[in-house]
Amino acid sequence: MIELDQKIAEQLSDVGLNSSMQVRCGTSNSFTVTASILNPLINVFEMGGVYISASRGANEIIEGLESLGIPTGNIQFLDMVSSGILGGTNTEHTNISYIDSPIMLESALLRTMYHFRKKLTERNFVILDSVNALAIYNEERMLAEYLHTFVNTFRQREVLSVIINVPDQTPPGVLANLDLYCTDLIDRGQIVIN
Amino acid sequence: MTINTKFDISREDEQFFGKMGSFGIPKFDKIMNGGVPRGFTILALTDPGAGAELFAKQFLSPCEEPENTMYISTNETSEEIMQVYDKYNWLNELQIISIGSEYNNRVLGKELQASKYRLEGFNMNDIQRLSQTRFVDDETEDFLTEMANTVMDRGPFFRCAVENLDFFFQRYDKSRVISMLRMMQAHTQMARGILLLCVSTDSLDTSIEREMSSIADMVLTFGVHMIGSEFETRMIVRKFRNAPENLSVMTYRVTPEEGITPETVQRIA
Amino acid sequence: MESAAGYVRDRCVTGIHGLDEILRGGIPYGSTVLAAGSCGCGKTTLGLEFLVRGAENGEACAHFTATEPSVKLLDNVRQYDFFDMRMVDKGLINVFDMDVLYSWLGLTKATFDLGDIHALIKAITDIVNTIGVTRLVIDSVTTLCYKIQSEQLIRDFLFTLGKKLSTLGCTTLLISEITSEKSGVNMWSSFGVEEAISDGIIVLGDVERMGHLLRFLQVVKMRGTSHSRAKYAVELTSIGVMLTPMLKWGSSG
């Protein structure tokens with residue numbers, strides 16, 4: 001049974017809409033951390049937004065969130081994974097659109113902006129899940145450039161950006177850029193084993 | 001009982017129409033030993049103004065079956081043609097196709113309009129229509145095929161005159177025109193119709209004339225000659241398939257009562 | 001048909017996401033701009049959105065289609081949310097088939113001579129002048145120029161047309177089809193003359209990134225204004241063309 005982290009919710013209440021938040025997590029708690037972020041955004045702050053998933057298929061994420069009581073109707077998913085899997089795009093969910101490959105970074109940015117133009121709630125967020133997944137397909141320099149553009153684009157548009165990464169698997173140059181340009185940090189990346 | 005299954009020619013029809021049809025000129029029928037055999041294609045080569053136009057109308061005057069009798073004109077309107085039939089009190093229930101009028105409407109009309117647009121430009125109404133027109137008007141302007149199809153759509157024992165073929169020779173490839181003539185001749189033969197084709201002699205070169213003459217079953221020429229200070233109109237039967245005895249030269253007059261009336265030239269030994 | 005009333009600006013604001021920023025405000029009023037690209041790059045969509053954004057402002061717009069029939073064009077464009085057929089019905093966007101125009105002008109020959117070209121220019125400028133068109137797209141000028149006999153005549157045609165349309169205050173987008181080889185070697189005309197005559201050149205094409213093709217847009221030339229010369233990634237969405245700067249690293253072409 002997944003237990004959501006309430007401290008994340010408290011931290012989020014101090015964050016402004018033009019913030020860019022770096023979220024560090026470990027390999028075993030990434031979904032818990034993601035759900036802990038989405039729960040207050042959706043259920044408490046009544047926000048809508050875009051979830052860019054390069055780590056796993058959007059179907060799986062939706063099912064996981066719904067099972068935790070987090071409604072996904074106001075979230076548009078950009079799935080960068082399922083197009084690469086045969087039959088991966090067969091789904092009943094209407095709030096998923098597909099990007100052919102995780103290398104098409106500009107497409108992800110543009111599609112996010114497109115969705116904000118089409119359907120905007122009063123307050124909006126964009127989640128990038130995850131830097132590590134993108135790092136499999138994209139060179140370090142390009143990824144660093146992309147994240148810089150990403151952060152600045154949404155900060156200018158007063159959209160809260162949430163960038164998820166597993167720090168010990170993130171290239172150092174990229175991690176350094178995230179540290180430099182993100183305004184806030186949620187760190188659940190260190191797992192303490194007793 | 002049906003004899004010719006392709007055209008459903010019954011014995012009754014064959015008895016009614018007989019082996020020969022009239023030229024529409026009783027004296028000429030007599031000179032030609034009874035008339036024109038069913039299935040014949042007649043080629044009339046004419047000097048301008050020699051009377052072939054009138055001959056073509058008179059040729060259709062027997063009008064045995066009005067719905068199967070057709071006058072195809074390339075330079076007269078239906079009204080002008082009807083006036084001639086009324087003048088000579090000939091049966092006027094035949095079918096008339098005026099290709100000339102259609103050509104003027106479809107082709108010349110378009111060309112005139114295009115010239116107007118090029119010179120004067122478009123006004124608001126023109127622009128509105130242009131922006132709402134989604135297709136080019138590609139209604140067929142192939143009058144040659146239309147004419148040939150019209151003839152070949154005729155049923156058994158039809159009677160048809162085309163006056164004249166100059167229009168087609170001026171606008172279409174000559175070999176295409178000849179091909180169409182062959183098809184029409186074949187159809188006329190099978191359907192036991194009678195087809196008259198008029199053409200001006202000065203619009204043809206010799207080889208085409210020769211080719212057309214070989215296709216036709218009968219060749220007539222109409223000419224105008226100066227004799228002293230008077231004109232003489234002359235008709236010559238130059239070819240009559242399987243009846244060379246019918247070859248002859250005759251002068252003719254045009255009378256209000258009978259139209260064209262031939263007079264034979266006889267040599268007295 | 002409604003004509004634009006009181007439309008006076010020094011820039012034709014395209015209304016296309018990102019493009020006006022690239023052009024520092026829009027296309028200088030009355031310019032003739034070449035939108036050159038290989039197939040599938042979004043030239044037609046760009047042209048249509050250019051007109052739609054103008055029509056939304058009450059401008060009278062005209063689209064001359066030479067490459068595909070207007071019936072097919074309008075059918076294809078209906079899928080876009082930014083396009084409203086009522087703009088066509090109300091006469092804000094006037095769509096003309098070049099084939100129909102050729103037929104009306106008696107331009108039935110395979111190639112056009114000088115007289116034919118002048119007739120065509122006169123017809124187009126008549127339409128622009130009568131309706132008060134301020135935005136015009138010809139799609140594609142390449143298809144049109146295939147019918148013109150010589151390079152000199154093409155040059156005369158484009159120059160005269162551009163000059164007359166500019167005098168009438170009409171900003172024109174000429175869609176030009178180029179092969180992907182040409183777009184790589186800095187040549188944006190099919191006939192070698194269009195790029196020299198035009199006031200501006202916007203290039204659309206594809207870059208390859210690890211086997212995938214990404215659409216891009218680049219403003220190569222625009223007289224009368226400064227502009228960005230960077231490459232921008234293009235997304236053709238249902239609400240129109242969207243642009244974002246292309247990442248510098250990791251792409252070829």
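The present account deals with the structure reproduced in this document. (Residues numbered from 1 in each chain as written. Chains lettered and ligands numbered in written order. Predicted model: local features only at pLDDT ≥ 70, side-chain atom pairs only at ≥ 80, totals over all residues. Heavy atoms only, no water.)

What to know about a negative patch on the surface
Here's step 1: Together, A:Glu60, A:Glu63, A:Glu66 and A:Glu92 give the surface a local cluster of negative charge.
Here's step 2: Checked against the element boundaries, A:Glu60 lands in helix 3 (residues 58-67). (Patch = residues over 30% accessible without salt bridge, like charges linked within 9 Å, V, L, I, M, F, W, Y side chains within 5 Å. Areas by Shrake-Rupley, 256 points an atom, 1.4 Å probe, with all protein chains shown as cover. Salt bridge = Lys/Arg side-chain N within 4 Å of Asp/Glu carboxyl O. Lys, Arg positive; Asp, Glu negative; His and termini not counted. Charge placed at Lys NZ, Arg CZ, Asp CG, Glu CD. Helix = DSSP H or I, 4+ residues; strand = E, 2+ residues; numbered from the N terminus.)

A look at the interface of chain B and chain C
Here's step 1: Facing 18 residues of chain B, the contacting portion of chain C comprises 26 residues.
Here's step 2: Roughly 2,000 Å² is buried in total at the junction of chain B and chain C, and carbon and sulfur atoms are behind 69% of that figure.
Here's step 3: Connecting chain B to chain C are one salt bridge.
Here's step 4: We note a salt bridge from B:Arg118 to C:Asp116, for which the minimum N-O separation is 3.0 Å.
Here's step 5: The interface formed by chain B and chain C includes six residue pairs in polar contact (both at pLDDT 80 or more).
Here's step 6: Secondary structure elements with two or more residues in the side of chain B that touches chain C: helix 5 (99-120) and helix 6 (124-132) of chain B. (Contact = heavy atoms within 4.5 Å. Buried area = accessible area lost by both parts, 1.4 Å probe. Polar contact = N/O pair within 3.5 Å; in protein donor to acceptor, adjacent residues only side chain to side chain.)

Topic: the interface of chain C and chain A
Here's step 1: Each partner contributes residues to the interface: chain C has 22 residues there, and chain A has 20 residues.
Here's step 2: With both chains or domains summed, chain C and chain A bury close to 2,000 Å², and 66% of this area falls on carbon and sulfur atoms.
Here's step 3: Its largest share of buried area at the contact with chain A, chain C owes to C:Glu235, C:Leu247 and C:Trp249, together 33% of the area lost on that side.
Here's step 4: Put simply, chain C and chain A have four salt bridges between them.
Here's step 5: Across the pair C:Arg209 and A:Glu106 runs a salt bridge whose closest N-O atoms are separated by 2.8 Å.
Here's step 6: The interface formed by chain C and chain A includes eight residue pairs in polar contact (both at pLDDT 80 or more).
Here's step 7: Breaking the side of chain C that touches chain A down by element, the ones donating at least two residues are strand 9 (212-222), strand 10 (231-237) and strand 11 (240-245) of chain C.
Here's step 8: Class assignment of the residues belonging to the side of chain C that touches chain A gives a composition of 12 nonpolar, six polar and four charged. (Nonpolar A, V, L, I, M, F, W, Y, C, P; charged D, E, K, R; others polar.)

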